[in-house]
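Observations on the three-dimensional arrangement
The primary structure of each chain is shown beneath.
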Amino acid sequence: MNKFRIGHLADIDEKGARTFLIQDTEIAVFKLSDGSLHAVENRCPHKGGKLSEGMVCGTAVHCPLHDWKIDLRSGKVHEPDEGCLNTYKTEVDGNSGEIFITIAG
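Residues numbered from 1 in each chain as written. Predicted model: local features only at pLDDT ≥ 70, side-chain atom pairs only at ≥ 80, totals over all residues. Heavy atoms only, no water.

**Examining the sheet that holds strand β5 (residues 55–57)**
Strand order in this open sheet of 3 strands is β5-β6-β7, and the pairing throughout is antiparallel. Looking along the sheet, the strands with just one partner apiece sit at the ends: β5 and β7 (69–71). The mean inter-strand angle of the sheet, taken between neighbouring strand axes irrespective of direction, is 30 degrees. When β5 meets strand β6 (residues 60–62), the two strands line up antiparallel, connected through 3 bridges. Residue pairing for β6: Met55 is matched across the bridge by His62. (Pairing = 2+ DSSP bridges. Helix = DSSP H or I, 4+ residues; strand = E, 2+ residues; numbered from the N terminus. Axes fitted to C-alpha atoms, helices over the stretch in contact; angles between N-to-C directions.)

If you want it as structure tokens, here you go:
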């Protein structure tokens, strides 16, 4: 497991996203209205739409290409569509507000 510092909590707006390139993978980090952070592969499993450009609703993001709804906590696509994408563990340092993402391998 590798842990990467990617920025500061204040860098991401509520219900917004920021993208980061880590080990040749583009990752989108979303901040939900409850302040929680969720990191997912920034590519819809349907047609590869950039999820960071989608609309966040609750704990899901809607793909901007075909409106597929994807749960940011699990990476699973909501029915009636099917699919899943990679999710990544996020941590925030309580003192500094720095954000860390953990990636396998």
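**A word on the pattern of salt bridges**
Under the criterion given, the structure shown has 5 salt bridges. Two residues, Asp71 and Arg73, come together in a salt bridge whose shortest N-O distance is 2.8 Å. Counted as one network, the salt bridges with shared partners bring together Lys3, Lys89 and Glu91. (Salt bridge = Lys/Arg side-chain N within 4 Å of Asp/Glu carboxyl O.)

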